[in-house]
Amino acid sequence: MFINDTKKNNKLKNNILALGAEAAKLKAEDNEVINATSGMLKNEDGSLFEFASVKKAANNLSTKDKYAYVDSGGTPTYNKAAVSWVFGKYLEEIEKECYYAAIPTPGGSGALHLAFSNYLDDGETVLLPDHMWENYLNMAKEAYIKTDTYRLFNEEDAFDIASLINKVNNLKEKQNKIMILINDPCENPTGFCMQEDDYDKLINIARDNPNNNFIYLMDVAYFDFYNADPNIIRSRYAKFKDMPNNAFALFVFSGSKSFGLYGLRIGALIGLSKNKEEIETFKAANSYSCRATWSACSTLGMSIIEHLVLNEEYRENYEEEVKQASKMLEARSLAFMESAKEVGLKVLPYERGFFICIPSDNPEKLMNALHEDKIHAIATKTCLRLALCSVNKNEASRMPRLIKNRIDLLK
Ligand code: PLP
């Protein structure tokens, strides 16, 4: 074997993209199949959702805008578009209190890779939610860091700040710098959403621990699907402008989820700090890593986003379209919840988003058994994840009965 010792035993377990491709093939042969695997937004007829405004922005690009190389660290226009998209009208007040910069990345995944590999040292630990997008674990391993988990929600189905504080206190014994990953809102896989005061409590952790340094790694991949009022979530993100000096915020933006550009592999890592030098280092060190790994990002992806965000007409159209898309998702979740209630199927606390979860002692067994019912979903370590984004309303309302029956049969 020529592969090195560190990598030779790496093998993707429960690879969502591969399971999704397999389920899509089965669905193409038999329309009764329910493909609730992958995190791509689909129309009610099963076709991939495309935002008309995104298409329009894409169709108006010059050859250079589409294909030319761009700098590893991005362009002023793309970087501005990413930041202004994430912070919206709050950017002005953030600018008064903080320094910031953005680096384009291949999707939110690229941003997570940079955060994990450049902000912790080898062997240090990142705190992740217990119900999580499990690719975080692969990414952490790839970056030579360890993971520990906090409980995402408590018995009252509220954000479990006590568990997070407890984990911070334990970790403080081992390392000075504490990285906390938050995936909010529309958490993958549960659809759990934090409340406004949870953000205050989160930032207070750094205030209460002045001798430690804190990195808030904010994975905001699904934030566009939270509320018809786009300012609600952005006002919470803007709270980081008042973070203490021992805190640093990193925002993971995904062009896949925000604009439906999954295969174009575009996103950004945004750094926010009270310290100018920190942001200068953010730009230099992350540009270096980009150049030394994927070199530069998809020019096409960057151009679509910057044309969309910086053009008022396209942006406004997109904002309207994303509201419609969220309504479609909401209709599916309501249909699902209603029939889950009817049949007595337990669901983890869901508020909004692409996914919904069924608690299970053996999610993998349940996932495999559901193939008998022609339901294809994803088993995580803690639950069975159903992608509402990729099923239609009728399928959403059919699933709970089938799942409840299957759970009863497995007892
Ligand atoms: N964060 C979460 C929670 C996700 O679910 C995903 C994709 O599924 C990503 C980040 C990254 O997506 P991408 O790399 O396609 O932008």
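Since the model is a prediction, treat every value here as computed from it, not as a measurement.

Peer 1: Tell me about the packing of aromatic side chains, and please be specific about residues and values.
Peer 2: Here the structure, examined in full by the defined rule, presents 21 aromatic pairs. Centre to centre, the rings of Y150 and F159 are 6.3 Å apart; their planes meet at 75°, and the pair counts as edge-to-face. Seen in terms of ring centroids, Y237 and F251 are 5.4 Å apart; in terms of plane orientation they differ by 65°. Their pairing is edge-to-face. Linking Y237 in helix α10 (residues 231-237) with F251 in strand β7 (residues 247-254), this pair joins segments that are 14 residues apart in sequence. The pair Y237 / F251 is uniform in exposure class, with both members buried. The ring of W85 carries R234 above its face, with NZ or CZ at 4.9 Å from the centroid.

Peer 1: Give a detailed account of the side chain of S38, specifying residues and quantitative values.
Peer 2: Assignment of secondary structure puts S38 in the loop between β1 (34-35) and α2 (52-59). The class of S38 is buried, set by a relative accessible area of 8%. Setting aside residues no more than four positions away along its own chain, S38 makes contact with I16, R385, A387, C389 and S390.

Peer 1: I'd like a rundown of the site of the ligand, residues and numbers included.
Peer 2: With respect to spatial proximity, 14 residues lie near the ligand, and among them G108, S109, D219, S254 and S256 are the closest. S109 places a polar side-chain atom, nitrogen or oxygen, 2.6 Å from an oxygen atom of the ligand. In this structure, an oxygen atom belonging to the ligand sits 2.7 Å away from a side-chain N or O atom of N188. For the ligand, whose accessible area on its own is 400 Å², the fraction buried by protein is 92%. Elements with a minimum of two residues in the shell around the ligand: α6 (107-119) and α11 (255-259). Per-element tally for the shell around the ligand: the top contributor is α6, with three residues. Tallied by class, residues from the shell around the ligand come to four nonpolar, seven polar and three charged.

Peer 1: Now, about the environment of P400: what can you tell me, with residues and values included?
Peer 2: By secondary structure assignment, the location of P400 is in helix α16 (residues 393-410). It is 20 Å that separates the C-alpha atoms of P400 and C186, two residues lying 214 residues apart in sequence. Apart from residues lying up to four places away in sequence, P400 is in contact with F336, S339, A340, V343 and L345.

Peer 1: Could you give me a rundown of the state of the cysteines, with the residues and numbers involved?
Peer 2: Enumeration over the complete set of coordinates arrives at zero disulfides. Free cysteine: C383, not disulfide-bonded; nearest cysteine sulfur from C357 at 3.2 Å. According to the relative accessible area criterion, C383 is buried, its value standing at 0%.

Peer 1: I'd like to hear about α2, residue by residue, with values.
Peer 2: Along α2, the positions that sit buried rather than exposed are S53, V54 and A57. Each buried residue of α2 lies within a common arc of 100° when the element is viewed along its axis, so the set occupies one face. Elements that come into contact with the buried residues of α2 comprise α11, α13 (299-310) and α14 (312-343).

Peer 1: Let's hear about unusual backbone geometry: which residues, and what values?
Peer 2: Along the chain, D184 connects to P185 via a cis peptide bond; the corresponding omega equals 0°. Take P185: it is sitting in the loop between β5 (177-183) and α9 (196-208). A positive phi angle, near 55°, is found at C186, a position not held by glycine. Tracing the sequence through the fold places C186 in the loop between β5 and α9. The phi dihedral of K374 falls on the positive side, at around 65°, and the residue is not glycine. Residue placement: K374 occurs in the loop between α15 (363-369) and β10 (375-376).

Rules used throughout
Here, residues in each chain are numbered from 1, in the same order as that chain's written sequence. This being a predicted model, a pLDDT of at least 70 is required before a residue's local features are given, and a value of 80 or more before pairs of side-chain atoms are given or counted; all residues contribute to the totals for chains, interfaces and linings. As a rule here, side-chain values come from all non-hydrogen atoms in the structure, and water together with hydrogens is ignored. A pair of Phe, Tyr and Trp rings is counted when the ring centres sit within 6.5 Å of each other, with Trp represented by its six-membered ring. The angle between the planes then sorts it: under 30 degrees is stacked, over 60 is edge-to-face, the rest tilted. Numbered from the N terminus, helices here are DSSP runs of H or I no shorter than four residues, and strands are runs of E no shorter than two. Here's how the labels work: a residue is buried when its accessible area is under 20% of the maximum for its type, exposed when over 50%, partly exposed in between, all with a 1.4 Å probe on protein chains only. The criterion is that NZ of a Lys, or CZ of an Arg, lies within 6 Å of the ring centre and within 35 degrees of the ring normal, and then a charge sits over that ring. Here, residues are in contact when the closest pair of their heavy atoms is within 4.5 Å. For this purpose, a residue is taken to be near a molecule or strand whenever a single non-hydrogen atom of the residue falls within 4 Å of it. Whenever two N or O atoms come within 3.5 Å, that pair is a polar contact, provided that in protein one can donate a hydrogen and the other can accept it, and provided that, for residues adjacent in sequence, both atoms are side-chain atoms. Throughout, the Shrake-Rupley method with a 1.4 Å probe supplies accessible areas, and for residues the shown protein chains are the sole cover considered. Asp, Glu, Lys and Arg are counted as charged, while Ala, Val, Leu, Ile, Met, Phe, Trp, Tyr, Cys and Pro are counted as nonpolar; the rest, among them Gly, fall into the polar class. Cysteine sulfur atoms are paired as a disulfide whenever they come within 2.5 Å of each other. This arc corresponds to the set of directions leading from the helix axis out to the C-beta atoms.

On their own, these measurements won't tell you what the molecule is for.
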